[in-house]
Amino acid sequence: MFLNSWSLTLTFCSLIVVFLLVIAAGTAIRVIRFWDPSSDTNRQIRLESEIWLSSTLVAYALGFQIISLMLFVLAADHFCQVIVGAMCATGALLANPFGMPALVIKLAGVFLYGFWIVIHKLDITSEKYPLVKFKYVYLLLLVPFLFTDIIFQTLYIAGLKPDIITSCCAVVFSTAADAGPNLMESLPVGTMLAIFYGTAGVLLVTGVMLRRGWRLAAGIFYAAGWVWFFGFALVMIITVFSSYIYAMPFHNCPFCILKPEFHYIGFFIYASLMTATFFGIVPAIVQIFSGQQSLHDAISIFRKYSIAISLVFMAVFLVLSSYHSLMYMIVGGEF
């Protein structure tokens, strides 16, 4: 599969990212060893100039790795056309043992890479660069994770064979009584909807309260709530909302909603959920930098904007995910 256009694109871009981060890792080691903001030596001046270019390259590289999640899913959806039994990305990702782990790693990377970018943006708001050592230590910790990301992606592509027989999404995610074992068993829909919208309501109230005045305990509760909501929302998309989008009671695939025949609505649903979750979690995490006096105002402003972004994208996610089921009930259907 390496001669496939999607495979070549993912592999080539991964090599560029690795190249940029290896260069940045050298800068990180020099910063950790020699950075001294109180010094005016030539080495310190060179380091100050070097970190601007290095940090910019890292931000773009990690930004691309975030986008690579979408490219990876699109590639998997393309691969399903040549794999026996695969109807969408589900079958393609299950075609070998590395598909789903690669997807999970890339999903986790969205949050880990995004956090580095947030640290960088906060750091450059102060002339003292108080987070420069922290962000480069964090970068060195990200390098093994990034290599793992790329290695699993490569192993997945290398292990794809057109003659492999895999399972389609109708079998893997079906909740029909006669479909046999599947990943998602039927759960009480009414209870799930109550928990789903109840959690969203709690997050809304907590977010509004935090916008008015930051409290650490409430901020941690807000972040933990988003972690829970993210996982539960994925379950809701699969077990409840997807079948309304397909207008098929027993079709519960989380990947088919990414297809053009459904107007790519899945991309908007997942993007809004991940964006809301990321900006819901970050305010509590950046609290660890509150001891930096030069960042006090920047962190305060960032927290307010971050919470506002999380609430806005939560509203977008709720509208997009609930639209088809609500329309079904309004037109005259029932659960």
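Residues numbered from 1 in each chain as written. Predicted model: local features only at pLDDT ≥ 70, side-chain atom pairs only at ≥ 80, totals over all residues. Heavy atoms only, no water.

Draft legend 1. Seen up close, the overall build of the chain. Counting its regular elements, the chain contains 10 helices and 0 strands. Over its C-alpha atoms the chain spans a radius of gyration of 22 Å, differing by no more than 12% from the 20 Å that the globule rule assigns to 335 residues. Dimensions of the chain, computed from C-alpha atoms along their principal axes, come out at roughly 75 × 50 × 30 Å. When each of the 335 residues of the chain is scored for burial, the buried share is 49%. Taking all contacts inside the chain whose residues are at least 6 apart in sequence as the whole, residues at least 24 apart take part in 75%. Surface summary for the chain: the accessible area is close to 16,200 Å², and the carbon and sulfur share equals 72%. Between the mean site of the 16 positive side-chain charges and the mean site of the 14 negative ones, the chain shows a separation of 11 Å. (Helix = DSSP H or I, 4+ residues; strand = E, 2+ residues; numbered from the N terminus. Rg over C-alpha atoms; globule rule 2.2 N^0.38 Å. Buried < 20%, exposed > 50% of the residue type's maximum accessible area, 1.4 Å probe, protein only. Contact = heavy atoms within 4.5 Å. Areas by Shrake-Rupley, 256 points an atom, 1.4 Å probe, with all protein chains shown as cover. Lys, Arg positive; Asp, Glu negative; His and termini not counted. Charge placed at Lys NZ, Arg CZ, Asp CG, Glu CD.)

Draft legend 2. Expanded view of the packing of aromatic side chains. Applying the stated criterion across every chain yields a total of 22 aromatic pairs. Centroid distance Trp228 to Phe232: 5.2 Å. Interplanar angle 20°. Geometry classified as stacked. In this pair, Trp228 and Phe232 both sit in helix H8 (residues 216-246), 4 residues apart, roughly one turn of the helix. Overall, Phe232 belongs to the buried group, its relative accessible area being 12%. For the pair Phe229 and Phe317, a centre-to-centre distance of 6.1 Å together with 85° between the ring planes defines the contact as edge-to-face. Residue Phe229 is located in helix H8, and its partner Phe317 is located in helix H10 (residues 296-331); the two are separated by 88 residues in the primary sequence. Neither residue differs from the other here; Phe229 and Phe317 are each classed as buried. (Phe/Tyr/Trp six-rings, centres within 6.5 Å; stacked < 30°, edge-to-face > 60°.)

Draft legend 3. Representation of the environment of Trp116 in the model. Assignment of secondary structure puts Trp116 in helix H4 (residues 99-123). For the pair Trp116 and Glu127, spaced 11 residues apart in the sequence, the C-alpha separation amounts to 19 Å. Those residues in contact with Trp116 that lie beyond four places of it in its chain are Ser55, Val58, Ala59, Leu62, Lys135, Tyr138, Leu139 and Leu142.

Draft legend 4. A look at the nonpolar core. The biggest cluster of nonpolar side chains holds 99 residues, and the ones touching the most others in it are Trp116, Tyr156, Phe196, Phe229, Phe255 and Phe317. Apart from residues lying up to four places away in sequence, Tyr156 is in contact with Phe72, Ala76, Phe79, Ala92, Leu93, Asn96, Phe98 and Gly99. (Core = buried A, V, L, I, M, F, W, Y, C linked by side-chain atoms within 4.5 Å.)

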